[in-house]
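# Fold and geometry: a report
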Amino acid sequence: MKSQELRQAFVDFFVSKGHAHVPSATLIPDAMSTTLFTIAGMEQFVPVFLGERPAPAPRVVTVQRCLRVAGAKSDIENVGRTGRHGTFLEMLGNFSFGDYYKREGIAYAWQFSTTVLRLDPTKIFVTVHTGDDEAERIWREEIGIDPARISRWEEENFWTMGPTGPCGPSTELFYDSGPENASSPDDDAPNKGNRFVEFWNVVFQQFNRDADGLVSELPRKSIDTGAGLERMLAICNGKTSMYETDLFTDIVHAMDSLVTPSVAHEVEGGVRKNIIADHARAVVFLINDGVFPSNTDRGYVLRFLIRRAIRNGRLLGYSPGFLTALVPAVISSLASGYPELRRHQERIARVLAQEEANFDRTLERGVALLEERIERARAAKEKELRGIDVFTLHDTYGFPMELTREIAGEHDLTIDESGFRAAMEEQRERARRDAERKRAVVSMAELPAVVTTFTGYEGLESEGEVVALLRDEAPVRTLREGETGVVVLDRTSFYAERGGQIGDRGTLLHDGAVFDVRDTQYLGDAVAHHGVVVSGELVLGERVRTTVHDWWRREIRRHHTSAHLLQRALKDVLGDDVAQAGSWVGIDRMRFDFRWPEGALTPSQRSEVSHRVNEMIRDDSPLVTRELPIEEAKNSGAIWMHGEKYGDRVRVVQAGPSVEFCGGTHSHSTGELGMFVILSEFSIGSGVRRIESCVSDAAESFVQRQQELIGDLSSSLATTPDELGDRVVKLQRDVRDLQNAVGQLRARLAASDAQEYVRGAERRGERAFVGAVVREATPEDLRHLTQAIRARLPSGVIALAGVDNGTVSLVVSASDDQVKLGVHAGNLVKLAAPLVDGKGGGQASQAQGGGRKADGAAGALQAIRDAVLS
């Protein structure tokens, strides 16, 4: 049986039982999930189990892609080494939300296994929870399974997805692969070894565990099934390893076509191939689902999997780029179940190729350093690698800590994880200092529990009560004239810095008291107004009038709206693969960071993006803001950042064709922006570009300055603005011609001087030496003079010191016969350079150097002379 046949058979069976087929969720779980990746088929239905969201149907069937690389569900250590563990897996699932329960859940599992898959019923063993008499009775009396093939377990048959969330007892189905696969003589029942392979888990979702560990009943009892496609496929085909199924064999075959592996040990080579095949499947789906390699969170896991696969490929002798070359094979093996992979194949290959190239550049040096550190540790009879060395490998050579730990383990060493984490924390602390510099370092425990209501969407002014005052980071009751401090209000029209938009500025007023707000930041859920009391005093409990500076908010609103239009334009021009990676919005410019692995924008792409934004501005579309339930907002087609934490309701901002989740402040219409100008576009990291731009007053000022500059240049060059480019090209050509003429003149002057220097050559035996200090001579002058002297002195050593504007240039040339006699120009320069407070070196026949001590030039030449003629 092929993998697609099994997928389809499972879906068809449960659809025939009244189940609705729901598509797989992505590997990035819901924002409220406690897991980094989707680890189970039930994860997208957690709000349904908890009664927080209606079910899509009473009965549902899914084929859910999952990733397990960390935490309790992680299989990373066993990947490739056993036939049943992988990081990426497909979970077949049937669900009942308060419809059927244990009887049907058990019956469907048995019926599909024995009638559709036609597994031998006598080889199926089941386990139930120690306290679940009902499930055992159903298996024994209604299914008719031999009681000898039923066993009870405690922890093994109580399923949880993590420390919190839905949970409940379960019953699992195991297949007896035969005594020849037993791990030991005691391996005669499930959960005792490798002989019995678990392939189906029916969870009776009954409870909810909260953060305090307390367990309560769910609103309704439900069924949550998890049946691993990979294990089930192996069983159906009589294989003991999922790596022997078409899900993996096609990828391994593609690997074998790349190069003959160099690993002599066949078993170890097979393990490494399995690891590569598994990780290739995982990284293809992660990139497909919008994850990019980085040093944090999901991006870090993706980078670790890519680099672990690359390292195993190198040990097999595969050449650089092999992992990217496997992308077509991976997609071919999965596309029948996930056709979207073919649509994204080009983007997946681009992202993977760039990450592979980045790691290839440092891999050899990193491996050399790691091997040196391992040998040092073993020579010193140490049992672990130092944390600082692990950090260096991570920070300088791109080795994830987990990869270093694995390689060290192959040499029976551990790593100092605490030392590594301390070094990481020290680096993070350095990065935090600048960000925290302008924020009050105040423990919220010292302040009342405040949630400030933001009224700024409605206008620039509002009223609020002073609920906290801070001076020198400590709570006070009064802020007096001239004092700098922080004012916390229960309501404010000031927007606090968030989502890349800088905080508002303005004034707080109360009976003659004026507080000049110079920045607005969040303290927890409270809005903190940073500034100085200009006059009067502010007292705790008073009501104040909040007034945001109109021009400040206006320019920020316009620049924030331009970020939305820019993202839309980038997607229109470059494609939907563009993904926002961050932004910063100020009063006179906007920064927009985006993931784009193809490098710098071409001039035509940059021009087209700018034109598209200005088109949307000229359309003068009114901005429409709606507050929607999170699911409705996601289904509206709005752009939102996967993995971000959103509440139950979100603001959706529409500006013409641009529709995004956003809590910031915006212009009233796109036409308000006036004009959009790209100031710069450059790389800020692997696969991430940054555009800096401006609109409104800042764009007008920029264009005005450019016009003035062009006017001034045109006037200076006696031409018109339209002909300025041609004029500059002509001037560049004239400069090159003049440079060539000057060079020829220098050569003629050097030739006339050279004869004099040659006549003054010193000779001693087989050696001839010409040395001179040349005033007002550049390195280029010395080069011409050296060539002219050499033309007249075929055998000998030439040493020149050019002095120009207080600096010294050294040039030494040795003829071939002098080199054979032991003269080395590079060593001569190294000898002389310290005398001019400089350095230098080079080859045996030609070398150069320089320094900052002009009065040492004569001494430097004397040192070279003595060395040559001694």
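Residues numbered from 1 in each chain as written. Predicted model: local features only at pLDDT ≥ 70, side-chain atom pairs only at ≥ 80, totals over all residues. Heavy atoms only, no water.

On to the confidence of the model for the protein. On average, residues of the protein carry a pLDDT of 88, and 94% of them reach 70 or more. Strand β4 (residues 124-129) holds the highest mean pLDDT among the elements of the protein, 97, whereas helix α15 (residues 417-436) holds the lowest, 70. Predicted confidence for residues 261-265 stays below pLDDT 50, and this span has nine contacts to residues more than four positions away or in other chains. (pLDDT = per-residue confidence, 0-100. Helix = DSSP H or I, 4+ residues; strand = E, 2+ residues; numbered from the N terminus. Contact = heavy atoms within 4.5 Å.)

Here we take up the packing of aromatic side chains. Scanning the model with the defined rule gives 26 aromatic pairs in all. Between F13 and Y108, the aromatic rings sit 6.4 Å apart at their centres with planes inclined by 85°, giving edge-to-face as the arrangement. Here F13 is found in helix α1 (residues 3-16), whereas its partner Y108 is found in helix α3 (residues 102-116), with 95 residues between them in sequence. Using a relative accessible area of 11% as the deciding quantity, one classes Y108 as buried. When the centroid spacing of 4.9 Å and the interplanar angle of 85° are considered together, the rings of F454 and Y457 count as edge-to-face. Through a chain of ring-to-ring contacts, the aromatic side chains of F10, F13, F14, Y100, Y108, F112 and W200 assemble into a single cluster. The side chain of R149 reaches across the aromatic face of F125, ending 5.9 Å from its centre. When the ring centre of W596 is taken as reference, the NZ or CZ atom of R350 above it lies at 5.3 Å. (Phe/Tyr/Trp six-rings, centres within 6.5 Å; stacked < 30°, edge-to-face > 60°. Buried < 20%, exposed > 50% of the residue type's maximum accessible area, 1.4 Å probe, protein only. Lys NZ or Arg CZ within 6 Å of the ring centre and 35° of its normal.)

A separate point is the sheet that holds strand β34 (residues 838-842). Strand order in the open sheet made by the six strands is β30-β31-β32-β33-β35-β34, with mixed pairing throughout. The sheet terminates laterally at β30 (762-764) and β34, the two strands that pair on one side only. Averaged over all pairs of adjacent strands, the angle between their axes in this sheet comes to 15°, without regard to strand direction. For strand β32 (residues 797-804) and strand β33 (residues 807-814), the ladder comprises eight bridges, and the chain directions are antiparallel. By the bridge assignment, D804 is partnered in β33 with T807. On top of the sheet, helix α24 (residues 857-869) reaches β30, β31 (767-775), β32 and β33; it is set at about 175° to β31, its chief contact. (Pairing = 2+ DSSP bridges. Axes fitted to C-alpha atoms, helices over the stretch in contact; angles between N-to-C directions.)

Considering soluble globular proteins, one finds that nonpolar side chains tend to be buried as a cluster. Judged by nonpolar contacts, the single largest core of 111 residues is most densely connected at F112, W139, W200, M232, L305, L323 and L385. Not counting chain neighbours up to four residues away, the residues in contact with L305 comprise V69, I76, T87, H279, A282, V283 and L286. In terms of nonpolar packing, the next biggest core, distinct from the first, is built from 29 residues, W552, L570, W596 and C662 among them. (Core = buried A, V, L, I, M, F, W, Y, C linked by side-chain atoms within 4.5 Å.)

In this section: the pairing of strand β13 (residues 461-471). Regular strands place their side chains on alternate faces of the sheet. Bridge count between β13 and strand β22 (residues 543-548): five bridges; the pairing is antiparallel. Note on β22: the bridge partner recorded for S462 is T546. By the bridge criterion, four bridges tie β13 to strand β16 (residues 484-489) in an arrangement that is antiparallel. In the sheet register, A468 faces β16, and the bridge partner there is V488. As judged from the three bridges shared by β13 and strand β14 (residues 474-476), these two strands associate in the antiparallel manner.

With that settled, the discussion passes to the pattern of salt bridges. Taken as a whole, this structure holds 60 salt bridges when the rule is applied. Taking the shortest distance from any N to any O, the salt bridge between E483 and R471 comes out at 3.3 Å. Separated by twelve residues along the polypeptide, E483 in the loop between β15 (478-480) and β16 and R471 in strand β13 bring together distant segments of the chain. Relative accessible area serves as the criterion here: at 22%, E483 is assigned to the partly exposed category. (Salt bridge = Lys/Arg side-chain N within 4 Å of Asp/Glu carboxyl O.)

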